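# Structure at a glance
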Amino acid sequence: MTTRLRIAPSPTGLLHIGNARSALFNWLYARHTGGVFIVRIDDTDTARSRPEYEQDALDGFRWLGLDWDEGVGVGGPHGTYRQSDRLDRYRQVAESLLADRKAYWCFCTPEELEERRNQARQEGRPSGYDGRCRTIPSESAAERKAAGEPAVLRLAVPRPGETTFTDVVRGEMRFDHANVDDFVILRSDGSPTYHLASTVDDVDYEITHVARGEDLLSSTPKHILITRAMGAPVPTYAHLPLLFGPDGRKLSKRHGDVSVRAYRDAGILPEAMFNYLALLGWSYGEDVTVFTREEAIARFDLSDVSKNPAVFDPAKLEWMNGVYIRDLSADDFADRSVPFVERAIGRTLTDDEKRVFADVAPLIQERVKNLVEVAPMVTFLFTDEIEYDEKSWRKVLGHETAPGVLAAAIERLEQVDSWDHDTIEAALRGMLDDLEIGARRGLQPIRVAVTGSSVSPPLFESLEALGKERTLRRLRDVAGRLGS
Ligand code: GLU
């Protein structure tokens, strides 16, 4: 049997780390088993669904390298793979469940439901729907409905009864129907609930494995009940452990960024994100934390997923990102950094500038944990309007020895013929000897004057990349401002 797995984002916000992890596990299992990975869109919540969020989810999957074989954007035998285009199908299923007496109309008003819920709570009884409309003869229910009385459709959950299933991650699960009320499958406006739409999709798309967050565990008996009522085979379920922050509390905005987009914008490499997400509930084994996509595919099994909560720690992700950054070829690092530099300076780089950047990029590659850190180190190369870091100016250029250092450096560098870092280094070291001054006091003023900050790639390489003329212009300008 070919395995068929899916991810079903609701486009009501930016793609969440937790959903990306679910997508990844489904994808890994589909690839491991030579199966099919499907992306569908759960957009029945029309009030909150937005096309830009759908786009964000698809972009996020593509960025992570999670390609899909069927679904939104790539097609397949089931139309657009958007729930909003399948409303007729959900209604059709609802009607056949009604015809089979597996579902019934409920005319209770929200106020009545509220009152009875409160009453049940006070008396310590279960507060779910009490089944009052279940006993209305179907002919009179049909008449009331036809006469325009507002009604929702509820599933008639078999009573007494229980739903059991074997969760791949959590083992034997048992839900007594005493705790599963006759839940709504069609709202009074005729729209399907998540339970109905999701289950009908899983049945129609012949999903064999549903791997999703543990927060949906209590929905699963409902989905199994609908599946059985439709006469369809029940898929295998795997509920993935919830994500926690480093403080041991459930992952939320309080912990910082929780969207894939934010990490992408922060210069995390997709390979690093892929690798890190794979470790949220799964482990490669043998104490190996860094592995390739192919290695993960070869080893991954849903049955190896842990049921213990997984900790999402942005600091560990950054560490891993640093490992991946250093592993890139110099060209690849430069290519991937360019968009971040361009974003920071607000324009595209010319081909010449790209070459200059490629020359200094290897020096930066060793120093950064993400690609956002690259731009501040190189903007001095691409603008002549240097913004001086106030603290660096005060501490370094404000020192009494700074004017003399700059004057001596200008004099030395003016005489340099071939502008490469060895020659520049020799000239400036000669200056240090002349002035009998240490490297910190003698070189930092040059760095700050030329780059605007005391943090930059190594000095001699920076000056080489900047060129003789621009270096001297900046030194003279700052020397003038210091009045030397
Ligand atoms: N749209 C649901 C979500 O994003 C999907 C749940 C499921 O996988 O069934 O949470």
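Higher on the page you've got the structure.
Right, let's walk through the structure included here. (Residues numbered from 1 in each chain as written. Predicted model: local features only at pLDDT ≥ 70, side-chain atom pairs only at ≥ 80, totals over all residues. Heavy atoms only, no water.)

Broken down by element type, the protein carries 20 helices and 12 strands. In summary, the protein has a C-alpha radius of gyration of 31 Å against a globular reference of 23 Å for 484 residues, an excess of more than 25%. Considered along the principal axes of its C-alpha atoms, the protein spans approximately 105 × 45 × 40 Å. Taken over 484 residues, the protein has a buried fraction of 49%. Long-range contacts, defined as pairs at least 24 residues apart, comprise 75% of the intrachain contacts of the protein with a sequence gap of at least 6. Carbon and sulfur atoms make up 48% of the accessible area of the protein, which amounts to about 22,900 Å² in all. When the 62 basic and 78 acidic side-chain charges of the protein are each reduced to a single mean position, those positions are 5 Å apart. (Helix = DSSP H or I, 4+ residues; strand = E, 2+ residues; numbered from the N terminus. Rg over C-alpha atoms; globule rule 2.2 N^0.38 Å. Buried < 20%, exposed > 50% of the residue type's maximum accessible area, 1.4 Å probe, protein only. Contact = heavy atoms within 4.5 Å. Areas by Shrake-Rupley, 256 points an atom, 1.4 Å probe, with all protein chains shown as cover. Lys, Arg positive; Asp, Glu negative; His and termini not counted. Charge placed at Lys NZ, Arg CZ, Asp CG, Glu CD.)

If you trace the backbone, R101 turns up in the loop between α3 (87-99) and β4 (103-106). Along the chain, R101 and S138 lie 37 residues apart, while their C-alpha atoms are 8.2 Å from each other.

Mapped onto the elements of the fold, Q365 is located in helix α13 (residues 351-365). Exposure remark for Q365: the relative accessible area of 7% places this residue in the buried category. Among residues more than four places away in sequence, those in contact with Q365 are I325, R326, L328, S329, A330 and F333.

Let us look at α3. Compared with the 18 Å implied by 1.5 Å per residue over 13 residues, the 18 Å span of α3 between its first and last C-alpha is a close match. Along α3, the residues classified as buried are Y90, V93, A94 and L97. One side of α3 holds all its buried residues, which, seen down the axis, span an arc of 100°. In α3, the exposed positions angled more than 90 degrees off the buried face are occupied by D88, E95 and A99. Downstream of α3 by a residue or two, R101 has a phi angle that is positive, lying close to 60°. (Expected span 1.5 Å × (residues − 1). Arc of directions from axis to C-beta.)

Of the pairings in the sheet, the one linking strand β6 (residues 162-167) to strand β7 (residues 171-176) comprises 6 bridges and is antiparallel in character. Across the sheet, T164 pairs through a bridge with R174, a residue of β7. Where β6 folds back on β7, the antiparallel hairpin that results is connected by 3 residues. (Pairing = 2+ DSSP bridges.)

The subject of this paragraph is the layout of surface pockets. In this structure, the largest pocket spans a volume of roughly 980 Å³. Around the largest pocket, the lining is made up of 37 residues, and of these S10, H16, N19, D215 and L216 lie nearest the centre. Looking at the lining of the largest pocket, the elements that each hand over two or more residues are β1 (4-7), α1 (17-32), α2 (51-64), α6 (194-204) and β9 (209-213). Tallying contributions element by element places α1 first for the lining of the largest pocket, with 4 residues. Each residue belonging to the lining of the largest pocket can be placed in one class, and the counts come to 15 nonpolar, 11 polar and 11 charged. Taken as a whole, the second largest pocket spans an internal volume of roughly 410 Å³. (1 Å grid on protein atoms, 1.4 Å probe; cavity = no way out; pocket = protein on both sides within 12 Å on 5 of 7 lines; lining within 4 Å. Points joined across faces, edges and corners; volume = space filled by probe spheres on them. Nonpolar A, V, L, I, M, F, W, Y, C, P; charged D, E, K, R; others polar.)

Another aspect to go through is the pairing of β4. Residues in a regular strand point their side chains to alternate faces of the sheet. Burial of β4 is two-sided: the residues A103 and W105 facing one way and the residues Y104 and C106 facing the other way are all buried. Judged from the 4 bridges that link them, β4 and strand β5 (residues 152-155) form a sheet pairing that is antiparallel. Residue pairing for β5: A103 is matched across the bridge by L155.

Moving on: a positive patch on the surface. On the surface, K391, R394, K395 and R440 cluster together into a positively charged patch. Broken down by element, the positive patch gets its largest block of residues, 3 residues, from helix α15 (residues 390-397). With respect to the helices, strands and loops of the structure, R394 is situated in helix α15. Judged by its relative accessible area of 52%, R394 falls in the exposed class. (Patch = residues over 30% accessible without salt bridge, like charges linked within 9 Å, V, L, I, M, F, W, Y side chains within 5 Å. Salt bridge = Lys/Arg side-chain N within 4 Å of Asp/Glu carboxyl O.)

Now for the site of the ligand. Around the ligand, the structure places R6, A8, S10, N19, D42, Y194, S198, R212 and L216. D42 has a polar side-chain atom sitting 2.8 Å from a nitrogen atom of the ligand. In this structure, an oxygen atom belonging to the ligand sits 2.9 Å away from a side-chain N or O atom of R212. Protein chains shield 82% of the accessible area of the ligand, which is 300 Å² for the free molecule. When each cavity is represented as a set of grid points, the ligand is found to reside in the largest pocket. (Near = heavy atom within 4 Å. Polar contact = N/O pair within 3.5 Å; in protein donor to acceptor, adjacent residues only side chain to side chain. Sits in = over half its atoms within 2 Å of the grid points.)

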